Amino acid sequence: RDITTEITSDEYIINKIPDLPVVATTVPDENTEVNNPIPIDEPEIDTSTNITFTNELITTIPLFSDIDFSDQAKNVFAFLSARVGSITDNKIGGWYSYRASKTALNQIVKNFSIEIKRSNPNSIFIGLQPGTVKSNLSKPFEKNVQSDNLFTPDHSASKLLEVIDSLTSDDSGKFYAWNGDEIQP
């Protein structure tokens with residue numbers, strides 16, 4: 001579910017708490033960043049950073065005080081990230097602000113997972129990589145993706161839900177691909 005067009009404040013998510021697990025995601029509609037060895041477009045960097053991880057902080061932190069963790073239920077907080085946020089997996093460079101903002105998001109997920117364990121060891125915070133989803137973001141790159149690796153939003157969401165369903169508290173703080181493979185930071 002893309003909440004970027006539905007949310008005007010953290011009230012939307014807070015009102016949805018009874019429907020946990022919560023999936024809080026934000027993704028830019030398009031990536032206009034040029035694969036340039038010298039990124040100098042400050043507005044592009046600010047936009048990518050704000051969309052990719054600042055909004056995650058703003059919408060997630062209020063949940064900590066509004067969720068009753070006393071029942072020790074399994075709560076899953078899943079954040080859409082991207083494989084380009086993996087430092088280990090970076091083999092081509094480029095996409096400086098987008099890559100850095102997804103790396104920062106992965107670190108936030110790790111931090112959240114550590115902090116929430118103190119009050120509810122059954123809560124799970126994870127990053128998810130949805131695969132290459134046919135969208136405005138992937139449109140410029142679709143020609144480089146094999147057709148069986150270019151997913152519809154419904155297929156990707158279905159695969160991500162399978163990953164979420166398979167998680168245990170030992171998986172908290174990790175980053176998983178659409179097929180359940182763990183992606184190293």
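Residues numbered from 1 in each chain as written. Predicted model: local features only at pLDDT ≥ 70, side-chain atom pairs only at ≥ 80, totals over all residues. Heavy atoms only, no water.

### Observations concerning the packing of aromatic side chains
Applying the stated rule across the entire model yields five aromatic pairs. Consider the rings of F77 and F125, whose centres lie 4.3 Å apart with planes at 5 degrees: the pair is stacked. With F77 in strand β2 (residues 76-80) and F125 in strand β3 (residues 124-129), this pair connects stretches of sequence that are 48 residues apart. With respect to burial, F77 and F125 carry one shared label: buried. Relative to W178, the ring of F151 lies with its centre 4.7 Å away and its plane at 70 degrees, an arrangement referred to as edge-to-face. Taken together, the residues F151 in strand β5 (residues 150-151) and W178 in the segment after β6 (175-177) connect sequence positions 27 residues apart. (Phe/Tyr/Trp six-rings, centres within 6.5 Å; stacked < 30°, edge-to-face > 60°. Helix = DSSP H or I, 4+ residues; strand = E, 2+ residues; numbered from the N terminus. Buried < 20%, exposed > 50% of the residue type's maximum accessible area, 1.4 Å probe, protein only.)

### Some remarks on the nonpolar core
In terms of nonpolar packing, the biggest core is built from 11 residues, these being V76, A78, L80, I124, I126, L128, L160, V163, I164, L167 and Y176. Listed by contribution, the elements that provide at least two residues to this core are β2, β3 and α4 (153-166). In contact with L160, other than residues within four places in its own chain, are L80, L128, Q129, P130 and W178. (Core = buried A, V, L, I, M, F, W, Y, C linked by side-chain atoms within 4.5 Å. Contact = heavy atoms within 4.5 Å.)

### Points about the confidence of the model for the protein
Residue-level pLDDT values for the protein average 75, and 64% of them are 70 or greater. Ranking the elements of the protein by mean pLDDT puts strand β1 (residues 22-23) last, at 44, and β6 first, at 96. Low confidence marks residues 1-37, where pLDDT is under 50. Its contacts with residues over four positions away, or in another chain, come to 72 contacts. (pLDDT = per-residue confidence, 0-100.)

### A short note on the pairing of β3
Counting buried positions along β3 gives six out of six residues, so the element sits mostly inside the fold. Residues I124, I126 and L128 point to one face of β3 and F125, G127 and Q129 to the other, with burial holding for every one of them. In this structure, β2 lies alongside β3, joined through five bridges in parallel fashion. The residue of β3 that forms the bridge with F79 is G127. Bridge analysis of β3 against β6 gives three bridges, and the strand direction is parallel. Its bridge partner being in β6, L128 is matched across the sheet by Y176. (Pairing = 2+ DSSP bridges.)

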